[in-house]
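For reference, the chains in residue letters:
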Amino acid sequence: MLGSLLIVFREVMEAGLIVGIVLAATQGIPGRGRWVAGGIAAGVAGAAIVAVFAGSLSAALSGNGQDVFSATILCIAVLMLGWHTVWMTRHGREMAGEMKTLGAEVVSGERSLAAMSVVVAVAVLREGVEVVLFLYGIAVSTHSGPAAMLTGGALGIAAGAALSWLLYRGLIVIPLSRLFSVTGLLIAFLAAGMASQAAGLLAGDDLIPALGYEVWDTSWLLSDGSMVGRAAKALLGYSDRPMGVQVITWAVTLATMIIATRLVRRRPAARV
């Protein structure tokens, strides 16, 4: 539940910031609310279609095929998490400027409300597809039930939407760089855990070397089946009896994401 809450909160907040910037830049335009709502609805519908196909394909597979499919989805989710975190670190400010420019063009009549709606739809669709892949990855890696996933997702939507609305209305001031840094670090741990679980699935089917079984056994201290252990597994990738390949994959993924983000943050922003 915690993992799904974190992912959904982050993605909803990012989509909400885009929508908020567009709304703030197009104040006074008649009908803008309907066009923005239509864009949001179209994006959500597209993400729902992706979710249906992913679930159907997984259910159609059995045995090793389902493990390979699950590991593939996990690897895709990890790559997208890494790319998205690094990209937002590098281009988040530029994207905000582009959204403000779009709003100004709509106000001046250079761009239509339909164009604004398409931009919003694409933004929501992108975040929605990422949510689908990430939640599927969390479900596979932590074996979470639908109730916990839905609860975490609903709380993430509510928290992300509320924060986006408060920021849009100017009722609170939060240093977004600090907020994204904290959530980015948590997502790095989440991605490392997903990569570790993908390696475990493939090693379990003898598709890659395990590099040792039960490198350690900390089930006596914290079982990954307990409530606290499941939370640690979802957020940190914890396993009480990991394979060697899982430990290596976890460490390499986490180090790669943290180093890449820091290197990008130190580079000067591109001038527009």
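Just so it is clear, the model here is predicted, and its values are computed rather than measured.

(A) Representation of the overall build of the protein in the model. Within the protein, the secondary structure is distributed over 8 helices and 0 strands. Secondary structure of the protein in N-to-C order comes out as α-α-α-α-α-α-α-α. By the burial criterion, 43% of the 272 residues in the protein qualify as buried. The contacts of the protein with a sequence gap of at least 6 include a subset with a gap of at least 24, amounting to 82%.

(B) Broad picture of the confidence of the model for the protein. Within the protein, residue pLDDT values average 75, and 76% of them lie at 70 or more. Mean pLDDT in the protein bottoms out at helix H1 (residues 2–25), which sits at 71, and peaks at helix H8 (residues 244–266), which reaches 87.

(C) A look at the side chain of threonine 253. Secondary-structure assignment places threonine 253 in helix H8. Owing to a relative accessible area of 13%, threonine 253 belongs among the buried residues under this scheme. Setting aside chain neighbours within four positions, we find threonine 253 in contact with Val78, Ala191, Ala192 and Ala195.

(D) Spatial organisation of unusual backbone geometry. Of note in this structure, leucine 211 is not a glycine but carries a positive phi near 55 degrees. Among the structural elements, leucine 211 can be located in the loop between helix H6 (176–204) and helix H7 (227–236). Phi is positive for glutamate 214, close to 50 degrees, though the residue is something other than glycine. Along the chain, glutamate 214 turns up in the loop between H6 and H7. Overall, glutamate 214 belongs to the partly exposed group, its relative accessible area being 47%.

(E) Structural detail: the packing of aromatic side chains. With the rule as written, the count across this model stands at 1 aromatic pair. Between the aromatic rings of phenylalanine 189 and tryptophan 250, the centroid separation amounts to 6.1 Å while the plane-to-plane angle is 45 degrees, which identifies the pairing as tilted. With phenylalanine 189 in helix H6 and tryptophan 250 in helix H8, this residue pair connects regions lying 61 residues apart in the sequence.

(F) Here's a closer look at a nonpolar patch on the surface. A cluster of nonpolar side chains, namely Leu211, Ile248 and Val252, defines an oily patch on the protein surface of about 290 Å² accessible area. For leucine 211, a relative accessible area of 55% corresponds to the exposed category.

(G) Fine view of the nonpolar core. Ile73, Val78, Leu81, Phe134, Ala191 and Met194 are the most contacted members of the largest nonpolar core, which has 21 residues in total. Elements with a minimum of two residues in this core: helix H3 (64–108), helix H4 (113–142), H6 and H8. Considering each element in turn, this core owes the most residues, 8 residues, to H6. Not counting chain neighbours up to four residues away, the residues in contact with valine 78 comprise Ala191, Met194, Ala195 and Thr253. Leu23, Ile29, Val36 and Leu102 belong to the second largest nonpolar core, which has 14 residues in total.

(H) H8, seen in detail. Compared with an ideal rise of 1.5 Å per residue, which puts 23 residues at 33 Å, H8 spans 33 Å between its outermost C-alpha atoms and is within 8% of the ideal. Looking only at H8, the buried set comprises Gly244, Val245, Gln246, Thr253, Leu254, Met257, Thr261 and Val264.

(I) Here's a closer look at the pattern of salt bridges. Taken as a whole, this structure holds 1 salt bridge when the rule is applied. Residue arginine 241 is joined to aspartate 240 by a salt bridge in which the shortest nitrogen-to-oxygen separation is 3.8 Å. Its relative accessible area of 41% is what places arginine 241 among the partly exposed residues. Assessed through its relative accessible area of 4%, aspartate 240 is described here as buried.

(J) Representation of the environment of aspartate 240 within the structure. As for its position among the elements, aspartate 240 is in the loop between H7 and H8. In this structure, the C-alpha to C-alpha distance between aspartate 240 and glycine 229, residues 11 residues apart in sequence, is 8.4 Å. Other than its neighbours up to four places away in sequence, aspartate 240 contacts Trp216, Asp217, Thr218, Ser219, Leu222, Ser223 and Asp224.

(K) Just the environment of valine 107, in detail. Following the sequence through the fold, valine 107 ends up in helix H3. With relative accessibility at 44%, the residue valine 107 sits in the partly exposed group. Between the alpha carbons of valine 107 and isoleucine 29 there is a distance of 6.8 Å; along the sequence they are 78 residues apart.

Reading guide: rules and limits
- Residues numbered from 1 in each chain as written.
- Predicted model: local features only at pLDDT ≥ 70, side-chain atom pairs only at ≥ 80, totals over all residues.
- Heavy atoms only, no water.
- Helix = DSSP H or I, 4+ residues; strand = E, 2+ residues; numbered from the N terminus.
- Buried < 20%, exposed > 50% of the residue type's maximum accessible area, 1.4 Å probe, protein only.
- Contact = heavy atoms within 4.5 Å.
- pLDDT = per-residue confidence, 0-100.
- Phe/Tyr/Trp six-rings, centres within 6.5 Å; stacked < 30°, edge-to-face > 60°.
- Patch = residues over 30% accessible without salt bridge, like charges linked within 9 Å, V, L, I, M, F, W, Y side chains within 5 Å.
- Areas by Shrake-Rupley, 256 points an atom, 1.4 Å probe, with all protein chains shown as cover.
- Salt bridge = Lys/Arg side-chain N within 4 Å of Asp/Glu carboxyl O.
- Core = buried A, V, L, I, M, F, W, Y, C linked by side-chain atoms within 4.5 Å.
- Expected span 1.5 Å × (residues − 1).

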